[in-house]
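So the chains spell out like this:
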Amino acid sequence: MSLHAQDDPQLRAAQEERLRAVWKPPSGLFLRWTDTNNNRVGVWYTLTAFGFMLFAGVLALIMRTQLAVPDNDLVSANTFNQLFTLHGSMMMFLFAVPMFEAVSIILLPQLLGARDLPFPRLSAFGYWSFLIGGVFVGGSIFFNAAPDGGWFMYPPLTTRTDLSGLGADIWMLGLSFIEVSSVAAAVELIVGVLKCRPPGMRLNLMPLYAWYILVVAVMILFAFPPLIAGDLLFEMERLLNWPFFDAARGGDPLLWQHLFWIFGHPEVYIVFLPSIALFAMLIPTFAQRHLLGYPWIVLAAVGTAFLSFGLWVHHMFATGLPKISLAFFSAASEAVAIPTGVQIFAFIATLWAGKVKWSTPLLYASGSLAIFVIGGLTGVMVAVAPFDWQAHDTYFIVAHLHYVLIGGTLLPLFGGLYYYWPLITGKKLSDRMGRTAFWIMFVGVNLTFFPMHLSGLEGMPRRVFTYPEELGIGWLNLASTLGSYMFAAGVAVLVVDLALSPTRAKAPRNPWNAGTLEWLAHPDDEDWGIRSVPLIESRYPIWDQKDFVAKVDEGRFFLADAEEGRRETIITSVLDAKPVSVIRLGMPSVKPMLTAVALGSVFILTTYHLYLIAALGGVVTLACILWWLWDTAEIPEKPEKPIGHGMRLPLYISGPAAPGWWAMFITMMADATAFSGLVFGYYFYWTIHPDFGAGFDGPGSAGPLLALALSLASWAATLAAREVHRRGGVMAARALLVIGAAVSIASLFAGLRCLDGLDPEANVYPAIVWVLVVWTVAHAAVAAIMQLYTLARSIAGRMTPTHDADIRNITVYTHFFALTAIVTYLTIGLFPETGL
């Protein structure tokens, strides 16, 4: 397709009609549930997360009403415990993280000039997992079965079934299911940012929002899996009586705190950095100039992420850790203020240097920064161990946490809502109602949480459902309660503004005169997204590139047609965004929803100890996954296609250039991080117990070494099959895959033999050995399934030496499987030595 061909209005109309036909949403209510367009899935995601936030807010109002006066009896102690546990859990797991993921899967395709992200069905799967898990956890309050151990669920109160009821299982298994959706979204976002940028958009030209989302998604890969590992140990203790946190049998409750806070403190920055990303988009718009200090902001975001993983112990200063540990983590907690300050001052400098147009979104940004800074200052205070010892578990910490989260997450999201609402709906929200809502919320949040600093210093403990009048802090609690209702009134004004939005006139295109790609969206809300994938030469192409919008609208750039009737976007190289291929995206499908329902049944049925039916759900889940995957990596009807300007790109690629390879690699990084949490547990016990393993006949060294040898043989067979297949040896490759599957299964049985004579209920040593081995043999089983699946693809003609994505991708898996086997079998075979 030549550039001049776009001068023909009839040709442009025909191209637009084909695009419209391909990208239109499915008709009918049920069919709309099968939609996989990231823009529409993102809207469902956002509305669901917003609904969970409102529900959790109502729970908070009930708590504040209970605490308004001393000795109140509005709710019982048990109900109050359920309220504050569910409030914290829903705000963190069902609002803060999912909301940023939801907003990102709406905005990123627009920001990157892509038709969609590379795995739209994965986004749909993540949404359905989130919805099912969220309803399961949140709905438990209506049956008096909500968790009541706090959103941190510290053992041993929560692991002992005689002290905690079904709520602990609902929390653990329900939120573990939700964590699956978070990791799925992280994979989609990372691959989208790295591989779906438009031609010319080098890493140093990416919008800062994309940079922040890339950093945060990578943080999820290293923060969430340790919690998943902790969840596994937690549930093994509750369901099977394995003593990971039982001190009487060698366990230690502090292991849970380590695994939880390795997740818990980075999560504060996981929910804060996307809000800063919204500032990075709207501040240049209202300053009407490029953002100052772009490289420094990127480095500061990366630095914040890096330092956030060195702060988790500052939640454990009161647990009796060595002084050297206290000093290190205290210093790290202070140091994280530096990159945060760099970002904030860059925004202030941009406003100072520009011609500021004050608006409702900018008002929210400014107010939220002021609130966040107050939370940051108290954060520096509690980072000092002696002060933390005094303030720990008081309402001072409640105040600090909420200043950080409301100033760093909630109000910025509301500002982003006012900024991006015209992009999503074509309608602007009311400036008058937006400003009214802001000032009510701004006063309300300070009236609610500032007195908590004082009540905390006066001795008001956290997590109590009432307090005596003699404490003399009734007036402070009453002020906090009045402030909470005031804040809720501000949110109600915002909700009314959203409800009235459909009645308003269409907003003009790009009403803020922004310079970034997302504002190419047209108010007519065409389903295909961007009209043609542009060539990028600037960070603000709408401002800097001549006639840019007109050229995009007229299809003068790339991929201006859907000639074959497929949803497509361009894949580019990671560093310099050179066009690599055209990827065909998944069409609307019921498969993601059915897979989420099947997987959800495994978690939910396990909660009620229906293990046999849960196992059946696991089989159905596996069948759904294989059914889903069977139609991916399809062999196209032609090797390449024109994308415009005389360029032709392949329709099929494999290996490190392909998004599927990256998805497998990123998923396995998350898997390896979860495994490292289990290994950390093993060596944690080894270091705190000088006699770790004493009195038990361990697995020895022969059995683990045999299992290791078989695991490495499986890896070698798969690697050899890939290389032989690449050279055209199809039959030899099939034989090697059969051998690989056979030795994978053999390694499974050899691994299980290592557990002979070890009673996991007796002591933490056999229990942690069981966990490591079961984790490894489960990976051996998955390796065998993958090898047989790839064999079936080859026999069915869906994999050839030219089209070999399947075997390349499973080879990535076997690399990590081999690494897991090496660590597991050497650990249990050599540390400690048998018989010590």
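This one's a predicted model, so the numbers in the text were calculated from it and none came from an experiment.

About the thresholds
Residues numbered from 1 in each chain as written. Predicted model: local features only at pLDDT ≥ 70, side-chain atom pairs only at ≥ 80, totals over all residues. Heavy atoms only, no water. Helix = DSSP H or I, 4+ residues; strand = E, 2+ residues; numbered from the N terminus. Rg over C-alpha atoms; globule rule 2.2 N^0.38 Å. Buried < 20%, exposed > 50% of the residue type's maximum accessible area, 1.4 Å probe, protein only. Contact = heavy atoms within 4.5 Å. Areas by Shrake-Rupley, 256 points an atom, 1.4 Å probe, with all protein chains shown as cover. Lys, Arg positive; Asp, Glu negative; His and termini not counted. Charge placed at Lys NZ, Arg CZ, Asp CG, Glu CD. Core = buried A, V, L, I, M, F, W, Y, C linked by side-chain atoms within 4.5 Å. Pairing = 2+ DSSP bridges. Phe/Tyr/Trp six-rings, centres within 6.5 Å; stacked < 30°, edge-to-face > 60°. Lys NZ or Arg CZ within 6 Å of the ring centre and 35° of its normal. Expected span 1.5 Å × (residues − 1). Axes fitted to C-alpha atoms, helices over the stretch in contact; angles between N-to-C directions. Parallel < 35°, antiparallel > 145°, perpendicular 65-115°, else oblique. Left-handed = near helix turned anticlockwise from the far one by under 90°. Nonpolar A, V, L, I, M, F, W, Y, C, P; charged D, E, K, R; others polar. Salt bridge = Lys/Arg side-chain N within 4 Å of Asp/Glu carboxyl O.

(A) Quick look at the overall build of the protein. When helices and strands are counted, the protein shows 25 helices and four strands. A globule of 836 residues ought to have a C-alpha radius of gyration of about 28 Å, and the protein, at 27 Å, matches this closely. Judged by the C-alpha coordinates and their principal axes, the protein covers about 80 × 70 × 50 Å. For the protein, buried positions account for 59% of its 836 residues. At a minimum sequence separation of 6, the contacts of the protein that also span at least 24 residues come to 81%. When the accessible surface of the protein is split by element, carbon and sulfur atoms take 69% of a total near 30700 Å². With 49 positive and 57 negative side-chain charges, the protein shows a spacing of 12 Å between the two charge centroids.

(B) Representation of the nonpolar core. Judged by nonpolar contacts, the single largest core of 252 residues is most densely connected at Tyr209, Tyr212, Phe244, Phe414 and Leu494. It is helix 8 (residues 253–287) that contributes the most residues to this core, 22 residues altogether. Residues in contact with tyrosine 212, not counting those within four places in the same chain, are Leu273, Ile276, Ala277, Ala280, Ile297, Ala301, Gln343 and Phe347. One finds Ala114, Ile571, Ile583 and Leu585 within the second-largest nonpolar core, a separate group that totals ten residues.

(C) Structural view of the pairing of strand 3 (residues 640–644). Bridge analysis of strand 3 against strand 4 (residues 647–650) gives four bridges, and the strand direction is antiparallel. Bridging from a neighbouring strand, proline 642 pairs with arginine 648 of strand 4. Linking two consecutive strands that pair antiparallel, namely strand 3 and strand 4, is a turn of two residues; a positive phi of about 60° is found at histidine 645 within it.

(D) Expanded view of the environment of glutamate 761. Here glutamate 761 shows up in the loop between helix 23 (730–753) and helix 24 (764–795). The class of glutamate 761 is partly exposed, set by a relative accessible area of 38%. The spacing of glutamate 761 and tryptophan 242 is 519 residues in sequence and 4.8 Å in space, taken between C-alpha atoms. With residues up to four places along the chain from it excluded, the contact list for glutamate 761 reads Leu240, Asn241, Trp242, Pro243 and Arg249.

(E) Main features of the packing of aromatic side chains. Counted according to the given criterion, the structure contains 57 aromatic pairs. Centroid distance phenylalanine 152 to tyrosine 154: 4.7 Å. Interplanar angle 45°. Geometry classified as tilted. Taking relative accessible area as the criterion, tyrosine 154 reaches 24% and is therefore assigned partly exposed. Clustering of aromatic rings is evident, with ring pairs tying together Phe93, Trp151, Trp171, Phe224, Phe234, Phe245, Trp256, Phe260, Trp261 and Phe263. Positioned above the aromatic ring of tyrosine 294 is the side chain of arginine 539, whose terminal nitrogen or guanidinium carbon lies 3.6 Å from the ring centre. The aromatic ring of tryptophan 630 is capped on one face by arginine 793, whose charged end is 5.4 Å from the ring centroid.

(F) Just helix 19 (residues 591–607), in detail. Compared with the 24 Å implied by 1.5 Å per residue over 17 residues, the 25 Å span of helix 19 between its first and last C-alpha is a close match. Burial runs high along helix 19: twelve of the 17 residues are buried. Inspection of helix 19 places Lys591, Pro592, Met593, Thr595, Ala596, Ala598, Leu599, Gly600, Phe603, Leu605, Thr606 and Thr607 among the buried residues, and these make up the whole buried set. On its buried face, helix 19 sits against helix 2 (29–33), helix 5 (120–138), helix 6 (166–195), helix 7 (208–240) and helix 20 (611–630). Phi turns positive one or two residues past the end of helix 19, at histidine 609, with a value near 60°.

(G) Region of interest: the packing of helix 24 against helix 25 (residues 805–830). Orientation of helix 24 relative to helix 25, taken along the N-to-C sense of each, is 160°, at an axis distance of 10 Å. In this view, helix 24 runs roughly antiparallel relative to helix 25, as classed from their interaxial angle. Where helix 24 crosses over helix 25, the handedness of that crossing is left-handed. Across the contact of helix 24 with helix 25, the residue classes break down as 18 nonpolar, eight polar and two charged.

(H) Layout of the environment of arginine 197. Secondary-structure assignment places arginine 197 in the loop between helix 6 and helix 7. Since its relative accessible area comes to 0%, arginine 197 is described here as buried. Distance in space between the C-alpha atoms of arginine 197 and alanine 223 is 26 Å, their sequence separation being 26 residues. If we ignore the near neighbours within four places in the chain, the residues touching arginine 197 are Leu112, Gly192, Arg202, Leu203, Met206, Thr572, Ser573, Val574, Leu575, Asp576 and Ala577.

(I) Broad picture of the pattern of salt bridges. Scanning all chains against the criterion turns up 27 salt bridges. For the salt bridge of aspartate 35 with arginine 40, the shortest nitrogen-to-oxygen distance reads 2.4 Å. Note that aspartate 162 is salt-bridged to arginine 160, the shortest N-O span being 2.7 Å. Through salt bridges with shared partners, a single ionic network connects Glu564, Glu568, Arg584, Glu637, Lys638 and Lys641.

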